[in-house]
Amino acid sequence: MLATERLILRSYVESDLDDIHRLWNDPLVQPFIMNEPVTLLGPKFKEKIRLVMDQANFGAVIALKETGEFVGQGVITVSEPKNRDGTFGICLLPKFWSNGYGTEATKFMIDFSFKWFGLNRMSLGVFANNPRAIAVYEKVGFVKEGRKRQAVWMDNHWEDFLTMGILRDEWEGQR
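Residues numbered from 1 in each chain as written. Predicted model: local features only at pLDDT ≥ 70, side-chain atom pairs only at ≥ 80, totals over all residues. Heavy atoms only, no water.

## A short note on the pattern of salt bridges
All told, the structure shown has 12 salt bridges when counted by the stated rule. With its nearest N and O atoms 3.6 Å apart, the salt bridge here joins Asp85 to Arg121. Placement of Asp85 in strand S5 (residues 85-92) and of Arg121 in strand S6 (residues 121-127) is noted, with a sequence separation of 36 residues between them. Here Asp85 and Arg121 have matching classes, each one buried. Close ionic contact of Arg147 with Asp160 constitutes a salt bridge, the shortest N to O distance being 2.7 Å. (Salt bridge = Lys/Arg side-chain N within 4 Å of Asp/Glu carboxyl O. Helix = DSSP H or I, 4+ residues; strand = E, 2+ residues; numbered from the N terminus. Buried < 20%, exposed > 50% of the residue type's maximum accessible area, 1.4 Å probe, protein only.)

## Digging into the environment of Thr103
Looking at the secondary structure, you find Thr103 in helix H4 (residues 101-117). Taking the C-alpha atoms as reference, Thr103 lies 7.3 Å from Val140; in sequence the two are 37 residues apart. With sequence-adjacent residues up to four places away left out, Thr103 is seen in contact with Val136, Lys139 and Val140. (Contact = heavy atoms within 4.5 Å.)

## Some points on the packing of H4 against helix H5 (residues 131-139)
The geometry of H4 relative to H5 is characterised by a closest axis approach of 9 Å and an angle of 45 degrees between their N-to-C directions. When the axes of H4 and H5 are compared, the pair comes out oblique. By crossing handedness, the relation of H4 to H5 is classed as right-handed. Of H5, the residues touching H4 (which contributes Gly102, Thr103 and Thr106) are Val136, Tyr137 and Lys139. Grouping the constituent residues of the contact of H4 with H5 by class yields 2 nonpolar, 3 polar and 1 charged. (Axes fitted to C-alpha atoms, helices over the stretch in contact; angles between N-to-C directions. Parallel < 35°, antiparallel > 145°, perpendicular 65-115°, else oblique. Left-handed = near helix turned anticlockwise from the far one by under 90°. Nonpolar A, V, L, I, M, F, W, Y, C, P; charged D, E, K, R; others polar.)

Just geometry here; none of it tells us what the structure is for.
Here it is as C-alpha coordinates:
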(Lines give C-alpha, C1' and ligand atoms only; values in the text may rest on other atoms or scores of the structure.)
Protein backbone atom coordinates (compact mmCIF):
# COMPACT_ATOMS: atom_id res chain seq x y z
CA MET A 1 0.00 0.00 0.00
CA LEU A 2 1.23 3.49 -0.89
CA ALA A 3 0.06 6.74 0.65
CA THR A 4 -0.03 10.47 0.03
CA GLU A 5 -1.07 13.14 2.51
CA ARG A 6 -4.79 12.29 2.22
CA LEU A 7 -4.99 9.19 0.02
CA ILE A 8 -4.12 5.54 -0.08
CA LEU A 9 -3.17 3.93 -3.39
CA ARG A 10 -3.35 0.16 -3.25
CA SER A 11 -3.64 -2.86 -5.49
CA TYR A 12 -7.16 -3.76 -6.41
CA VAL A 13 -8.80 -6.88 -5.02
CA GLU A 14 -11.75 -8.72 -6.49
CA SER A 15 -14.22 -6.89 -4.25
CA ASP A 16 -13.04 -3.53 -5.69
CA LEU A 17 -14.47 -4.45 -9.08
CA ASP A 18 -17.93 -3.44 -7.87
CA ASP A 19 -16.70 0.06 -6.93
CA ILE A 20 -14.73 0.45 -10.17
CA HIS A 21 -17.76 -0.76 -12.16
CA ARG A 22 -19.93 1.81 -10.35
CA LEU A 23 -17.33 4.49 -11.23
CA TRP A 24 -17.31 3.56 -14.93
CA ASN A 25 -21.12 3.46 -14.93
CA ASP A 26 -21.47 6.96 -13.49
CA PRO A 27 -23.14 9.17 -16.13
CA LEU A 28 -20.88 12.12 -15.22
CA VAL A 29 -17.69 10.03 -15.47
CA GLN A 30 -18.39 7.79 -18.45
CA PRO A 31 -18.32 10.49 -21.17
CA PHE A 32 -14.79 11.49 -20.12
CA ILE A 33 -13.27 8.00 -20.06
CA MET A 34 -14.88 6.12 -22.92
CA ASN A 35 -14.88 6.54 -26.66
CA GLU A 36 -18.30 4.93 -26.93
CA PRO A 37 -21.88 6.09 -26.41
CA VAL A 38 -22.92 6.53 -22.79
CA THR A 39 -24.76 3.39 -21.78
CA LEU A 40 -25.27 1.09 -18.83
CA LEU A 41 -22.30 -1.22 -18.51
CA GLY A 42 -23.46 -4.66 -17.44
CA PRO A 43 -21.73 -7.22 -15.23
CA LYS A 44 -19.65 -8.57 -18.14
CA PHE A 45 -17.87 -5.20 -18.27
CA LYS A 46 -16.15 -6.16 -15.01
CA GLU A 47 -14.02 -8.53 -17.09
CA LYS A 48 -12.73 -5.57 -19.10
CA ILE A 49 -11.97 -3.70 -15.88
CA ARG A 50 -10.18 -6.75 -14.49
CA LEU A 51 -8.08 -7.00 -17.66
CA VAL A 52 -7.13 -3.30 -17.53
CA MET A 53 -6.11 -3.55 -13.88
CA ASP A 54 -4.24 -6.83 -14.36
CA GLN A 55 -2.28 -5.58 -17.38
CA ALA A 56 -1.29 -2.28 -15.78
CA ASN A 57 2.24 -1.86 -14.48
CA PHE A 58 0.73 0.32 -11.76
CA GLY A 59 -3.02 -0.18 -11.28
CA ALA A 60 -4.25 1.50 -8.14
CA VAL A 61 -7.47 1.78 -6.24
CA ILE A 62 -7.53 5.27 -4.75
CA ALA A 63 -9.16 5.62 -1.32
CA LEU A 64 -9.35 8.21 1.44
CA LYS A 65 -6.64 7.62 4.01
CA GLU A 66 -8.88 8.63 6.89
CA THR A 67 -11.91 6.43 6.11
CA GLY A 68 -10.83 3.99 3.39
CA GLU A 69 -13.73 5.19 1.22
CA PHE A 70 -13.32 4.41 -2.49
CA VAL A 71 -12.39 7.55 -4.46
CA GLY A 72 -11.43 6.18 -7.88
CA GLN A 73 -8.76 4.38 -9.84
CA GLY A 74 -5.48 5.20 -11.53
CA VAL A 75 -3.57 3.17 -14.10
CA ILE A 76 -0.12 3.37 -15.63
CA THR A 77 0.76 0.98 -18.42
CA VAL A 78 4.19 0.76 -20.00
CA SER A 79 3.20 -0.56 -23.41
CA GLU A 80 6.47 0.53 -25.03
CA PRO A 81 9.23 -0.71 -22.69
CA LYS A 82 11.95 -0.17 -25.31
CA ASN A 83 10.97 3.50 -25.57
CA ARG A 84 10.35 3.84 -21.81
CA ASP A 85 6.98 5.46 -22.49
CA GLY A 86 4.15 5.00 -20.00
CA THR A 87 0.47 5.78 -20.48
CA PHE A 88 -1.48 7.33 -17.61
CA GLY A 89 -5.19 7.30 -16.83
CA ILE A 90 -7.20 8.28 -13.77
CA CYS A 91 -10.86 8.70 -12.88
CA LEU A 92 -12.56 9.69 -9.66
CA LEU A 93 -16.15 9.59 -8.48
CA PRO A 94 -17.77 13.02 -9.02
CA LYS A 95 -18.27 13.65 -5.30
CA PHE A 96 -14.47 13.83 -5.01
CA TRP A 97 -13.94 16.27 -7.89
CA SER A 98 -12.57 19.78 -7.17
CA ASN A 99 -10.97 18.82 -3.85
CA GLY A 100 -7.39 18.33 -5.05
CA TYR A 101 -7.56 14.53 -4.87
CA GLY A 102 -6.99 14.13 -8.60
CA THR A 103 -3.90 16.33 -8.47
CA GLU A 104 -2.57 14.54 -5.39
CA ALA A 105 -3.02 11.06 -6.87
CA THR A 106 -1.74 12.07 -10.33
CA LYS A 107 1.40 13.71 -8.95
CA PHE A 108 2.13 10.68 -6.78
CA MET A 109 1.62 8.17 -9.59
CA ILE A 110 3.73 10.16 -12.06
CA ASP A 111 6.55 10.65 -9.52
CA PHE A 112 6.46 6.97 -8.56
CA SER A 113 6.57 5.84 -12.17
CA PHE A 114 9.51 8.03 -13.18
CA LYS A 115 11.43 6.89 -10.07
CA TRP A 116 10.68 3.16 -10.22
CA PHE A 117 9.97 2.31 -13.86
CA GLY A 118 12.84 4.34 -15.33
CA LEU A 119 10.51 6.02 -17.80
CA ASN A 120 11.65 8.70 -20.22
CA ARG A 121 8.12 10.00 -20.81
CA MET A 122 4.55 9.66 -19.63
CA SER A 123 1.71 10.08 -22.11
CA LEU A 124 -2.06 10.44 -21.83
CA GLY A 125 -5.14 11.25 -23.85
CA VAL A 126 -7.97 13.51 -22.74
CA PHE A 127 -11.12 14.89 -24.33
CA ALA A 128 -10.91 18.65 -24.91
CA ASN A 129 -14.21 19.19 -23.07
CA ASN A 130 -12.64 18.08 -19.78
CA PRO A 131 -10.97 21.29 -18.55
CA ARG A 132 -10.80 20.02 -14.95
CA ALA A 133 -8.60 17.08 -15.99
CA ILE A 134 -6.50 19.19 -18.37
CA ALA A 135 -5.80 21.66 -15.54
CA VAL A 136 -4.67 18.81 -13.25
CA TYR A 137 -2.37 17.40 -15.92
CA GLU A 138 -0.84 20.80 -16.67
CA LYS A 139 -0.40 21.48 -12.95
CA VAL A 140 1.78 18.37 -12.59
CA GLY A 141 3.82 19.21 -15.71
CA PHE A 142 2.09 17.63 -18.72
CA VAL A 143 2.09 19.69 -21.93
CA LYS A 144 -0.29 19.45 -24.85
CA GLU A 145 1.39 17.62 -27.70
CA GLY A 146 -1.39 17.15 -30.20
CA ARG A 147 -5.04 17.64 -31.02
CA LYS A 148 -7.18 15.27 -33.03
CA ARG A 149 -10.00 17.52 -34.19
CA GLN A 150 -13.61 16.34 -34.10
CA ALA A 151 -12.46 12.92 -32.97
CA VAL A 152 -15.38 11.84 -30.80
CA TRP A 153 -19.14 12.22 -31.18
CA MET A 154 -20.34 13.17 -27.70
CA ASP A 155 -23.62 14.58 -26.44
CA ASN A 156 -24.81 15.43 -29.95
CA HIS A 157 -21.65 17.27 -31.07
CA TRP A 158 -18.02 16.64 -31.98
CA GLU A 159 -15.22 16.87 -29.42
CA ASP A 160 -11.48 17.09 -29.96
CA PHE A 161 -9.09 14.57 -28.43
CA LEU A 162 -5.84 15.90 -26.94
CA THR A 163 -2.59 14.07 -26.37
CA MET A 164 -0.38 15.28 -23.54
CA GLY A 165 3.00 14.21 -22.25
CA ILE A 166 5.72 14.91 -19.76
CA LEU A 167 9.38 14.05 -20.32
CA ARG A 168 11.80 12.85 -17.65
CA ASP A 169 13.89 16.03 -17.81
CA GLU A 170 10.73 18.17 -17.44
CA TRP A 171 9.66 16.09 -14.44
CA GLU A 172 13.15 16.35 -12.89
CA GLY A 173 13.12 20.13 -13.43
CA GLN A 174 10.06 20.58 -11.22
CA ARG A 175 11.25 18.44 -8.31
